[in-house]
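Reading the structure
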Amino acid sequence: MADDTRPQPPVSGRRFWISREEGPGEPDARSAVWNEFPEGAADPPELPADALSRRRFLALLSASAALAAASACSAPDRGTIVPYTERPDEVVPGVPNFYASCFAEGRRAHPVLVRTREGRPIHVEGNDRYATAPGKAPYRAVADLLGLYDPDRLREPQNAGRAVSVPEAERLLAEKARKAREQGLPVLLFTDAVLSPTRARLLAELRKVLPGLEVVSYEPALGEGEERVLRSLFGEAVNLEPRPEKAKVILALESDLLSGEDPALVRAFAAGRRPEGRREPLARLYAAEGRFTLTGSRADARFGVRTGDLGAFALGLLRLLVGEHGVSLPPGAENLPWPERPLSSLLGAGAGEREAEALARDLAENRGAALVVAGSHLPAPVHAAAALLNLALGSLGKTLGVWPWPTAVAPSGRGEAEAALERAAEGRYGLVLFWGGNPAHAFPGHPAFGEPRREVFVRIGLHEDETAKVAALVLPEAHWLESWGDFVPRPGLKALRQPALRPLYPAARQGEDWLLGLLRALGGQGAEDYARFLKERWRREEWPPESPVPFERFWAAALHEGLVPGTPPPVSAPSAGALGPHLCGASTPKGLELVLHPSPALYDGRYANNGWLQEWPDPVTKATWDNPLLLAPADARRLGLKDGDRVRVSEGGRSLESAVLIQPGQREGVAALSLGYGRQALSVARGVGTNAFVLLGREGERVLRGVEVEKIPGRKPVPTTQTHHRMEGRDLVRSIPLKEWARGEGEKREGHPLVSLYPDQEFPESKWGMVIDLSACVGCSGCLLACQSENNVPVVGPEQVLKGREMHWIRVDRYYEGPEEAPRAVHSPMLCQHCDNAPCENVCPVNATNHSPDGLNQMAYNRCVGTRYCANNCPYKVRRFNFLEWTAHKREPETLAFNPEVTVRPRGVMEKCTFCVQRIEEAKVRARVEGRKVADGEVIPACAAACPAEAIVFGDLKDPESRVSRLARSGRAYKVLEELGVRPSVTYLAHLRNGPEDSE
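Residues numbered from 1 in each chain as written. Predicted model: local features only at pLDDT ≥ 70, side-chain atom pairs only at ≥ 80, totals over all residues. Heavy atoms only, no water.

Okay, the overall build of the protein chain next. Of the regular secondary structure elements, the protein chain holds 26 helices and 38 strands. Expressed as a percentage of the 1000 residues in the protein chain, the buried residues total 63%. For the protein chain, the exposed area adds up to about 36,800 Å²; of that, 50% sits on carbon and sulfur atoms. (Helix = DSSP H or I, 4+ residues; strand = E, 2+ residues; numbered from the N terminus. Buried < 20%, exposed > 50% of the residue type's maximum accessible area, 1.4 Å probe, protein only. Areas by Shrake-Rupley, 256 points an atom, 1.4 Å probe, with all protein chains shown as cover.)

Written out as structure tokens, the structure is:
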């Protein structure tokens, strides 16, 4: 393929491009546009010693098969759990139950529903009672189902490397605590964010028996600038609640609020981007950033600003608002350190004074309906300037909510956490409990973790990770799907977590249960287990005694719904004058700037052993199985670097090695690297990527200046997707300026009718179809993970992804438009189009793919012999061939994450989207039993159920009043490659651009 001399397609006239090879910046590399697949992609798999090793193969088997122990094993009584739907007298085989629960991560908590079959969870979705994001769950909550069935989970306690019983582990833990108390030495509890009021109550009870208990609540993925600024502004620890649904203009300062980590933010934003009429106004999104974020890719106007200069940019914008647009400074903020450099000098390619003036005008004209959001990884000056902008624009209490930190345990900074670890290394604690997180990974090379199996170190965790390897006593923790808890996801709203099953391993207990046992052993008063402790606290503090509803009934209803509304707590009035010490102007750029940010897939590394997330393509870069150093095209040219080159990154005497990936749209002078990779333990996580925590300083700075990047010998290609599926520049995505849409322009004009040799098909009852709104879609790729969980899609590993053999049934294509220094981007989900005249059907020699009476392109996997003729004939490139056997060989224990309603495919067959036919059939059976037709909206495929933007709509195209039919007839509707005459059943709605130049 490399020597192909066929004529190559023209590139220069293309409006959209997916990679630099076919974009405007790399004319010498455009031969790759024709040579679509990597060398050897279609060849039979060979396994040389340096390719797919037996260890990696078995590790990936466990990742894709989600192996776990049978849930029927004996376990202590966990109390009563209440299903979300009406609970039957007993589990009915084949009928799913739903349990309300809550997923917590970092400083967020989100109510979810857990779908179970025969007592085992098989899928996670959002709780439809959650008003701000009904039915939507964070994508990592969906993927963490695999964590429940991780074969690397700890199964029994260990002391000094040998297995011990639970009573023995409890005795050893109590003995260590008594010894510390007798010696008068303090006890350190090093944990992650404490979001649970009941957990905070437990820690307060533990302090009574351990007066020297010190709690460090540290989240390594999050920066500290926001927390410092908010504490100064309000005098207490608070949380911010952006409300995009109330904003007409949003400015994101390198804030990835549309990443999908919080579905409520995506849903609120997308609601303002889905016009019903041509003259309906749309919310406008501006972004100012150094690295190219997913939110920046969806911005109507984007400013390339070095990340370290974002504080000066925000202050310069405030000066423009005050001096030119009559905006008043908030009281107490009169003497500000205005930046010396003009605002326009901070902007990169594609933006200047005119664009900055348009932003200032929009913000000034929408006072009270404007919102400024800064990324959590940014330093304090940026957050202070963003707070001033919000105060000056009247956003507080309108587009920006504020509420107190939900528990008495305030978050700790990196300096405080590192100081505690230094005291631990010096032996100044009688007992050190590590619960949650993985501090040995987040503080690489710290002296506290230099000595294996320190006698006073105790680890409570899911895995034998880096921290567990330095602890003398290791206690297995229950997964969150096996645990009880309560959280405060929004002001005035409480959410309950209940286990969807008993612990898979009898010795595994949630961390609160281990601490409760310690509390009782030390003479404190505590319930027998955390379920009772939680229930009793709710009886005392959450249930009003004067309520006419008995507590047991109230408790059952709370578990059933998963949510209990309340009154939002008040916060102190802000003091803008307290922001002065945090503000500073722009400094002169010094060399390359490095931005360290949480990984969209692995967060802080806690999901590194999750194969679904390792193989999940980054929504912007489409990289998998690695955290490459992202460089701007201009910086890559200056340093003589190309994709896959290896470099050494150095700053302040610290260094690491990484592969390079060139990112269009990234500001010149800015490099980016995600945290969470470079793990040294566990089968799937080990050796993937590089540990960027090495570069974090004592104060946890995420934006480093004066970084040196040096090319070193060797190459390491980064496994990426989408470039495997080029479509030769045909009409795939459409983006229309809002002013053209308002004038009735930009619509698809009817051409000549296509003549077909196929007879018209008739659908007697239903004709299933889908509509995807590109104007609402933010490209978060949550649909991909939901499809993988629902449809038993296997993980194939980095070696196979490099060959273009990823197995995802749905992909989210990212198309650039414009120059590579400052491109726009449009995201487009692509899946099987279920064509009426499907070109795959008439070439299948065994009729394995055929058409159903209700319009589905079906797959009989047991009949498929893997000729791949259908994939060759598919114009949408959405069929996957399974080259290797990922499901037949199983490690102990058995597979439990598989959805029993979907075939588990063997090696050698074609796979593709089925519109979640199992959900269609379930709804049809239910309607038949009830003597009615399937209602509109009753069938929701996994991708649509997961989409936080509600950009995917599914239904019956034969029903002219169905929502999908009405949308398919809208003026923005078009079908991809409809000129081929295949009659796809998926309709796309064109993306609407709403920049200042795109509106009238």
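This is not the end of the story, as more comes after the structure.
Across the five residues that make up strand β19 (residues 493-497), a large majority, four, are buried. Across four bridges, strand β18 (residues 485-490) lies against β19 in antiparallel orientation. Bridge pairing links D486 to L496 in β19. The loop that links β18 with its antiparallel partner β19 comprises two residues; one of these, G492, has a positive phi angle of about 75°. (Pairing = 2+ DSSP bridges.)

Right, let's talk about the packing of helix α6 (residues 197-209) against helix α15 (residues 511-521) for a bit. The interhelical angle for the contact between α6 and α15, taken along N-to-C directions, is 25°, at an axis separation of 10 Å. By the angle between their axes, α6 is roughly parallel relative to α15. Considering only the axes of α6 and α15, their crossing is left-handed. Contacts between α6 and α15 pair R199, L202, L203, E205, L206 and V209 from the former with E512, L515, L516, L518 and L519 from the latter. (Axes fitted to C-alpha atoms, helices over the stretch in contact; angles between N-to-C directions. Parallel < 35°, antiparallel > 145°, perpendicular 65-115°, else oblique. Left-handed = near helix turned anticlockwise from the far one by under 90°. Contact = heavy atoms within 4.5 Å.)

The full count for this structure, using the stated rule, is 70 salt bridges. Residues R171 and E168 are paired through a salt bridge, measuring 2.7 Å at the closest nitrogen-oxygen approach. In this pair, R171 and E168 both sit in helix α5 (residues 166-183), three residues apart, roughly one turn of the helix. On the basis of relative accessibility, which here comes to 25%, the residue E168 falls in the partly exposed class. The salt bridge involving D604 is made with R606; its shortest N-O contact spans 2.8 Å. Its relative accessible area of 29% is what places R606 among the partly exposed residues. (Salt bridge = Lys/Arg side-chain N within 4 Å of Asp/Glu carboxyl O.)

Per the counting criterion, the structure on display carries 21 aromatic pairs. Seen from their ring centres, F434 and F457 are 5.2 Å apart, and the 85° between their planes marks the pair as edge-to-face. With F434 in strand β15 (residues 431-435) and F457 in strand β16 (residues 454-461), this residue pair connects regions lying 23 residues apart in the sequence. Judged by its relative accessible area of 0%, F434 is buried. (Phe/Tyr/Trp six-rings, centres within 6.5 Å; stacked < 30°, edge-to-face > 60°.)

What follows concerns the sheet that holds strand β21 (residues 592-597). Across a sheet, paired strands are connected by hydrogen bonds in the backbone, their directions being either parallel or antiparallel. Reading around the barrel, the six strands line up as β21-β25-β22-β24-β23-β26 and close back on themselves, with mixed pairing between neighbours. With strand direction ignored, the average angle separating the axes of adjacent strands in the sheet is 45°.

Considering all chains together, one arrives at zero disulfides under this definition. Unpaired in this structure, C832 has its nearest cysteine sulfur neighbour in C913, at a distance of 5.8 Å. With no disulfide partner, C835 has as its closest neighbouring cysteine sulfur the one in C832, 6.5 Å distant. Classification of C835 as buried rests on a relative accessible area of 7%. (Disulfide = S-S within 2.5 Å.)

At a minimum axis separation of 11 Å, helix α16 (residues 530-541) and helix α17 (residues 551-561) run at an interaxial angle of 115°. Crossing of α16 over α17 shows right-handed handedness. Only F551, E552, F554 and W555 of α17 make contact with α16, whose side of the interface consists of L534, K535, W538 and R539. Looking at the contact of α16 with α17 residue by residue, the classes come out as five nonpolar, no polar and three charged. (Nonpolar A, V, L, I, M, F, W, Y, C, P; charged D, E, K, R; others polar.)

Side-chain direction in a regular strand flips from residue to residue, so the side chains alternate between the two faces of the sheet. With seven of seven residues buried, strand β29 (residues 811-817) lies mostly within the body of the structure. Burial along β29 is two-sided: R811, D813, Y815 and E817 facing one way and V812, R814 and Y816 facing the other are all buried. Of the strand pairs in this sheet, strand β1 (residues 16-17) and β29 are connected by two bridges, and their pairing is antiparallel. Looking at β29, one finds that F16 is bridged to E817. Judged from the seven bridges that link them, β29 and strand β30 (residues 824-830) form a sheet pairing that is antiparallel. In the strand pairing of β30, E817 is matched with R824.

Moving on, we come to the environment of P381. With respect to the helices and strands, P381 occurs in helix α12 (residues 380-392). For the pair P381 and P581, spaced 200 residues apart in sequence, the C-alpha separation works out to 8.8 Å. Excluding its chain neighbours within four sequence positions, the residues that come into contact with P381 are G311, H582, L583 and C584.

The sheet built from four strands is open, its strands ordered β35-β28-β37-β36 with mixed pairing. The sheet terminates laterally at β35 (952-956) and β36 (973-974), the two strands that pair on one side only. The pairing of strand β28 (residues 768-773) with β35 spans five bridges and is antiparallel. Residue pairing in the sheet places M770 in a bridge with F954 of β35.

Okay, α16 next. In this model, α16 (twelve residues) spans 16 Å end to end at C-alpha, consistent with the 16 Å of a helix rising 1.5 Å per residue. Burial in α16 covers these residues: Y530, A531, F533, L534, R537 and W538. Taken end-on, α16 shows its buried residues confined to a sector of 165°, consistent with a single buried face. The opening residue of α16, the one whose side-chain oxygen lies 3.2 Å from the backbone nitrogen of A531, is D529. (Expected span 1.5 Å × (residues − 1). Arc of directions from axis to C-beta. Polar contact = N/O pair within 3.5 Å; in protein donor to acceptor, adjacent residues only side chain to side chain.)

Okay, unusual backbone geometry next. Unlike most non-glycine residues, R868 shows phi in positive territory, near 70°. Turning to its location among the elements, R868 is positioned in the loop between β32 (857-859) and α23 (869-873).

So, on to the environment of A527. Within the secondary structure layout, A527 lies in the loop between α15 and α16. For A527, a relative accessible area of 18% translates into the label buried. Each C-alpha atom, one on A527 and one on D513, is 9.5 Å from the other, the two residues being 14 residues apart in sequence. Sequence-distant contacts of A527, defined by excluding residues within four places in its chain, comprise L516, R520, R532 and F533.

Note on placement: R811 falls in strand β29. There is a polar contact of 3.4 Å between the side chain of R811 and the backbone oxygen of Y876.

Our focus in this paragraph is the confidence of the model for the protein chain. With 88% of its residues at a pLDDT of 70 or more, the protein chain has an overall mean of 87. Low pLDDT, under 50, characterises residues 28-34; the stretch is placed with 22 contacts to residues that sit more than four places away or in other chains. (pLDDT = per-residue confidence, 0-100.)

A word on the nonpolar core. Of all hydrophobic cores here, the largest spans 136 residues; its most connected members are M770, Y876, F915 and Y988. Tallying contributions element by element places helix α21 (residues 782-790) first for this core, with five residues. (Core = buried A, V, L, I, M, F, W, Y, C linked by side-chain atoms within 4.5 Å.)

Turning next to the side chain of H377. Mapped onto the fold, H377 is located in the loop between β13 (370-374) and α12. Taking the relative accessible area as the measure of exposure, H377 reaches 5% and is therefore buried. The contacts of H377, once residues within four sequence positions are left out, are G223, E254, R291, V595, L596 and R702.

Right, let's talk about the environment of W338 for a bit. In this fold, W338 is placed in the loop between α10 (310-325) and α11 (353-365). The class for W338 is partly exposed, based on a relative accessible area of 28%. Along the backbone, W338 and L318 are 20 residues apart, and their C-alpha atoms lie at a distance of 9.3 Å. In this structure W338 touches L315, L318, R319 and L329, once residues within four positions along its chain are discounted.

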